[in-house]
Amino acid sequence: MTAILLTVAAAFALAPAADASPPTPSAEAVDLSAPGPFSVAYTDLTVSAAGRTYSARVWYPGTTAGANAPVAAGTHPGLAFGHGFFQAITQYESLLEHYASWGVITVVPKSQGGLFPSHSAFADDLNAGLSWLTAQNTASGSPFASRVDTSRYALSGHSMGGGAALLAASRNPAVKSVTTLAAAETTPSAITASTALGMPVQYVGGSADSIAGVAGNQQKMYDAKPSGTQLRVITGGFHCGFEDSSGFGCDSGTISRAAQQKLTRAVTTSWLLYTLGVDTSLYDQVWGSTAQNLAGVVYSAKP
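From a predicted model like this one, the values you see are computed outputs, not experimental measurements.

**Description of the pairing of strand S2 (residues 52-62)**
- Of all 11 residues in S2, 8 are buried; the element is thus mostly enclosed.
- Relative to S2, strand S1 (residues 39-49) is paired through 11 bridges, and the arrangement is antiparallel. In the strand pairing of S2, serine 39 is matched with glycine 62.
- Where S1 folds back onto S2 in an antiparallel hairpin, the turn is made up of 2 residues, including alanine 50, whose phi is positive at roughly 55°.
- In terms of strand pairing, S2 meets strand S5 (residues 105-109) through 4 bridges, oriented antiparallel.

**Some thoughts on the environment of histidine 98**
- Counting through the fold element by element, histidine 98 comes out in helix H1 (residues 93-101).
- On the basis of relative accessibility, which here comes to 5%, the residue histidine 98 falls in the buried class.
- When the C-alpha atoms of histidine 98 and proline 35 are compared, they prove to be 5.9 Å apart, with 63 residues separating the residues in sequence.
- Residues in contact with histidine 98, not counting those within four places in the same chain, are Leu32, Ser33, Ala34, Pro35, Arg265 and Thr269.

**Some remarks on the packing of aromatic side chains**
- With the rule as written, the count across this model stands at 6 aromatic pairs.
- A centroid spacing of 5.8 Å and a plane angle of 65° characterise the contact between tryptophan 132 and phenylalanine 144, whose relative ring orientation is edge-to-face. Pair noted here: tryptophan 132 is in helix H2 (residues 119-137) and phenylalanine 144 is in the loop between H2 and strand S6 (148-158), with a separation of 12 residues, a long-range link.
- Of the residues examined, tryptophan 132 reaches a relative accessible area of 6% and is grouped as buried.
- Seen from the ring of tyrosine 222, lysine 302 lies directly overhead, with NZ or CZ sitting 4.7 Å from the centre.

**Quick word on the packing of H1 against helix H6 (residues 257-275)**
- At a minimum axis distance of 11 Å, the contact between H1 and H6 shows a crossing angle of 35°. The interaxial crossing formed by H1 with H6 has right-handed handedness. In this structure, H1 uses Ser94, Leu95, His98 and Tyr99 to contact H6, whose residues at the interface are Gln261, Arg265, Thr268, Thr269 and Leu272.
- The residue inventory of the contact of H1 with H6, partitioned by class, reads 3 nonpolar, 5 polar and 1 charged.

**As for the pattern of salt bridges**
- Following the criterion strictly, the structure yields 5 salt bridges and no others.
- Salt-bridge contacts for aspartate 125 lead to arginine 52; the nearest nitrogen and oxygen are separated by 2.7 Å. Of this pair, aspartate 125 sits in helix H2 while arginine 52 is found in strand S2, placing the two residues 73 residues apart along the sequence.
- Judged by relative accessible area, aspartate 125 falls into the buried class, the value being 3%.
- Looking at arginine 52, the relative accessible area reads 23%, which means it is partly exposed.
- Here the salt bridges do not stand alone but share partners, grouping Asp44, Arg57 and Lys110 into one network.

Rules used throughout
Residues numbered from 1 in each chain as written. Predicted model: local features only at pLDDT ≥ 70, side-chain atom pairs only at ≥ 80, totals over all residues. Heavy atoms only, no water. Buried < 20%, exposed > 50% of the residue type's maximum accessible area, 1.4 Å probe, protein only. Helix = DSSP H or I, 4+ residues; strand = E, 2+ residues; numbered from the N terminus. Pairing = 2+ DSSP bridges. Contact = heavy atoms within 4.5 Å. Phe/Tyr/Trp six-rings, centres within 6.5 Å; stacked < 30°, edge-to-face > 60°. Lys NZ or Arg CZ within 6 Å of the ring centre and 35° of its normal. Axes fitted to C-alpha atoms, helices over the stretch in contact; angles between N-to-C directions. Left-handed = near helix turned anticlockwise from the far one by under 90°. Nonpolar A, V, L, I, M, F, W, Y, C, P; charged D, E, K, R; others polar. Salt bridge = Lys/Arg side-chain N within 4 Å of Asp/Glu carboxyl O.

As structure tokens, then:
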């Protein structure tokens, strides 16, 4: 597990409350923008669960890197990630591979990719991905059998997918954490959904986003969310800077894509590992002075 590089004693601790007293910080902060200890594997398959069926790719920690490699020993947290409007899931490959390198099994639906997606159906697809992981954990012959920590589930997504992740979280009591990238308002409302979310939720945005700007989207979601939440705004960050490349209709910012993605990896990976209870020593990088003073990211929080 991630305990190879992280604090062994904390590796399987239960997720703390957002306002819990901070544990003693590590002598040196772990660089969570760098790859984790696991080889990165993936598989393309059909997810069928909870009345939903769709094509997906799953990135996961493997014994070796590459397609269809065996899943690494131990049990691993599960994450469902939603793509942005009219975006291929490969646009997020570097980030999803990064999560897998830190031990997170990530299901990424290819559904709702057309010009007229249903945000509500996309939310249900994300939850179906987590239900599928639960079923696979006990399915004889599944490569994921006995490899999923079903007590540690999270949701994430970019733009439309971020809004859908918030809708999904409002419908799924199994979800323990949410992190979103440039989350966009959806129908039904992701802002309204945020008001009822009890799990920790992180909203990450870019100050130069001209597509789903912070003021009209993530700020309103953050304001609506009760305590146990934070808003992290990357200075000069842009909407398409959360993706691996830009296409037609994309915006630009005053920060490079590489710099934006490095900051994104750092703040979201620390959030996931801490709020899912994988490494409780990461308090300072999530809620403490290290988080509050991270260069290039404006920090707002309701612990």
